[in-house]
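# Coordinate analysis (summary)
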Amino acid sequence: MNDNTSLGTAMDPALESAQATPKRSGTTLLIGIVAVVGVLLLVVFYYGVLNPPSQRVGSGAAPPVVFTTYDGERIDIADYRGTPIVINFWASWCNPCRDEQPILEAAWRRHKGEVLFIGLSYLDQEKNARAYMEEFDVTYPNGPDMGSRIYTAYHVQGVPETFFIDANGNVQGFHVGPISAEELERRIQELKKTAAQ
Amino acid sequence: MRRFLLALFLLLLVAVPAAAQENDPAKELQKELWCPICQGIRLDVCEQKVCEQMREMIDQRLAEGYTKEQVKAEFIELYGPVVLGEPPRQGFTLLAWVIPVLLVIGGLAAAVVLTRRWTRQTVSVAAPSTADVIPEDEYLKRVEEELNE
């Protein structure tokens, strides 16, 4: 009579196992959920906090620039390999852009045929962009950056910003804010050296 | 009666313009769209020049006969999905859409598991099986018998 069951203190092992199984599977599920959420939060933390903020494209192969100008001309910078390119991001609502616009237009007229100038209007409407271009008598190719796709590809962080692409299709650098005539000329001369090589 | 009519008149004076404003598609669009260069500022309250231009464009397009959805579609094409005030559903920002859904599913699963467990415990505490209960005197009697063996 040493049987434990005779004292009523122990449970049938089969019954014990049957009751423990759902409890164990529930705990496993909870641990799984916590683990998945934890991993996702770690990923968010890594990208959001530890990753440096996006940097403007300052070197390497230039991201593609394909757009249609306000005059209906399709421009793809890949078609201009061998020609240095100056890309200016601007907007009609941007006051600092007005300071540099005459400088850009003058430089374009001076270096036309050797350097291509491109203007991309950011978050702008055609009516306002056209009025701005007419006001400053802008003659180099300009068009809207639809959906800010090129702006995003170059990691531009505001307007005006100007990017310099050498004759080999590589980004040679950028300028943040309105550019002075001296700085623009210096950059263009550097770009022209790559075309001569 | 005169008082009632006066109150009704005053109520209409306030309610009619408010109702008209609620049905104004331009105002509705301005409330549904967001400034593309600010963080979390709605188009109807943003003082940026770009937003002024956007509000003008809404008025102009609606006057030209565009529907609200057509105006919205044009804004998305021109300004990008940022005007909807939602994170893009691609790349890393896709997590902003996925995580809340997973949290809700996880929360529901946890609630189900915990509720089941608590219910089971409550039942076993509230209604112990009479078959397992042995009267104390009988229990002691058995212990004594076994000790004597």
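Check the entry above for the structure.
The shown structure was predicted, so the numbers you read here are calculated from the model rather than taken from an experiment.

### Observations concerning the overall build of chain A
The helix and strand inventory of chain A stands at 5 helices and 7 strands. Tracing chain A from N to C terminus, the helices and strands come up as α-β-β-β-α-β-α-β-α-β-β-α. Across the 197 residues in chain A, those meeting the buried criterion constitute 43%. Considering only intrachain contacts with a sequence separation of at least 6, the fraction spanning at least 24 residues in chain A is 72%.

### Some points on helix α3 (residues 126–135) of chain A
Along α3 of chain A, the residues classified as buried are Asn128, Ala129, Tyr132 and Met133 of chain A. Each buried residue of α3 of chain A sits inside an arc of 135 degrees when the element is viewed along its axis, so together they form one side. Each element contacted by the buried residues of α3 of chain A is listed here: β3 (85–90), α2 (95–111), β4 (116–121) and β5 (142–144) of chain A together with α3 (49–63) of chain B. Taken from the residues just after α3 of chain A, Asp137 of chain A is the one with a positive phi, measuring 50 degrees.

### Some details on the pattern of salt bridges
All names here are of chain A. For the structure shown, the criterion picks out 16 salt bridges over all chains. Two residues, Glu135 and Arg98, come together in a salt bridge whose shortest N-O distance is 2.5 Å. Here the residue Glu135 occupies a position in helix α3, and Arg98 occupies one in helix α2, the gap between them amounting to 37 residues. The shortest N-O distance in the salt bridge between Glu114 and Lys192 comes to 3.2 Å. Linking Glu114 in the loop between α2 and β4 with Lys192 in helix α5 (residues 181–196), this pair joins segments that are 78 residues apart in sequence. Judged by its relative accessible area of 41%, Glu114 is partly exposed.

### Brief notes about the pairing of β3 of chain A
A regular strand places its side chains so that they alternate between the two faces of the sheet. Residue and element names in this part refer to chain A. Burial analysis of β3 places 6 of its 6 residues in the buried class, which makes it a mostly covered element. Side chains of β3 alternate between two faces, with Ile85, Ile87 and Phe89 and Val86, Asn88 and Trp90 buried alike. With 6 bridges joining them, β3 and β4 adopt parallel strand pairing. Bridging from a neighbouring strand, Phe89 pairs with Leu120 of β4. The β-α-β motif built from β3, the intervening α2 and the parallel element β4 has right-handed crossover chirality. Sheet topology places β3 next to strand β6 (residues 161–165); 5 bridges connect them, and they run antiparallel. Residue Phe89 lies in a different strand from β6, and its bridge partner there is Glu161.

### Details of the packing of α2 of chain A against α5 of chain A
All names here are of chain A. Here α2 crosses α5 at 35 degrees, and the two axes come no closer than 10 Å. In terms of crossing hand, the pair formed by α2 and α5 is right-handed. From α2, Ile103, Leu104, Ala107, Arg110 and His111 reach across to α5, where they touch Ala181, Leu184, Glu185, Ile188, Gln189 and Lys192. Classifying every residue of the contact of α2 with α5 by side-chain character gives 6 nonpolar, 2 polar and 3 charged.

### A look at the packing of α3 of chain B against helix α4 (residues 68–79) of chain B
Packed helices, taken two at a time, are described by the angle between their axes plus the distance between the axes. Residue and element names in this part refer to chain B. Two elements in contact, α3 and α4, have axes separated by 10 Å at closest approach and are oriented at 145 degrees. With respect to the hand of their crossing, α3 and α4 are arranged in right-handed fashion. Between α3 and α4, the residues in contact are Val50, Met54, Met57, Ile58, Arg61 and Leu62 and Lys68, Val71, Glu74, Phe75, Leu78 and Tyr79, respectively. Looking at the contact of α3 with α4 residue by residue, the classes come out as 9 nonpolar, no polar and 3 charged.

### Details of the packing of aromatic side chains
Applying the stated criterion across every chain yields a total of 13 aromatic pairs over all chains. Judged by centre distance (4.9 Å) and plane angle (50 degrees), the rings of Tyr132 of chain A and Phe136 of chain A are tilted. Like Phe136 of chain A, Tyr132 of chain A is buried. Look at Tyr154 of chain A and Phe163 of chain A: their rings are 5.2 Å apart centre to centre, the planes differ by 75 degrees, and that puts the pair in the edge-to-face class. With relative accessibility at 0%, the residue Tyr154 of chain A sits in the buried group. Ring-pair connections join several aromatic residues into one group, and the members of that group are Phe89, Trp93, Tyr122, Tyr151, Tyr154, Phe163 and Phe174 of chain A. Across from the ring centre of Tyr66 of chain B, 5.2 Å away, lies the NZ or CZ of Arg61 of chain B, which sits over that ring.

### Observations regarding a negative patch on the surface
On the surface, Glu47, Glu52, Glu56 and Asp59 of chain B cluster together into a negatively charged patch. Note that Glu52 of chain B resides in helix α3.

### Quick word on a nonpolar patch on the surface
On the surface, Val36 of chain A together with Leu94, Val98, Val101, Leu102 and Ile105 of chain B cluster together to form a nonpolar patch covering roughly 460 Å² of accessible area. At 4 residues, helix α5 (residues 95–126) of chain B tops the list of elements feeding residues into the nonpolar patch. Tracing the backbone shows Ile105 of chain B in helix α5. On the basis of relative accessibility, which here comes to 51%, the residue Ile105 of chain B falls in the exposed class.

About the cut-offs
- Residues numbered from 1 in each chain as written.
- Chains lettered and ligands numbered in written order.
- Predicted model: local features only at pLDDT ≥ 70, side-chain atom pairs only at ≥ 80, totals over all residues.
- Heavy atoms only, no water.
- Helix = DSSP H or I, 4+ residues; strand = E, 2+ residues; numbered from the N terminus.
- Buried < 20%, exposed > 50% of the residue type's maximum accessible area, 1.4 Å probe, protein only.
- Contact = heavy atoms within 4.5 Å.
- Arc of directions from axis to C-beta.
- Salt bridge = Lys/Arg side-chain N within 4 Å of Asp/Glu carboxyl O.
- Pairing = 2+ DSSP bridges.
- Right-handed = clockwise from strand over helix to strand, strands pointing away.
- Axes fitted to C-alpha atoms, helices over the stretch in contact; angles between N-to-C directions.
- Left-handed = near helix turned anticlockwise from the far one by under 90°.
- Nonpolar A, V, L, I, M, F, W, Y, C, P; charged D, E, K, R; others polar.
- Phe/Tyr/Trp six-rings, centres within 6.5 Å; stacked < 30°, edge-to-face > 60°.
- Lys NZ or Arg CZ within 6 Å of the ring centre and 35° of its normal.
- Patch = residues over 30% accessible without salt bridge, like charges linked within 9 Å, V, L, I, M, F, W, Y side chains within 5 Å.
- Areas by Shrake-Rupley, 256 points an atom, 1.4 Å probe, with all protein chains shown as cover.
- Lys, Arg positive; Asp, Glu negative; His and termini not counted.
- Charge placed at Lys NZ, Arg CZ, Asp CG, Glu CD.

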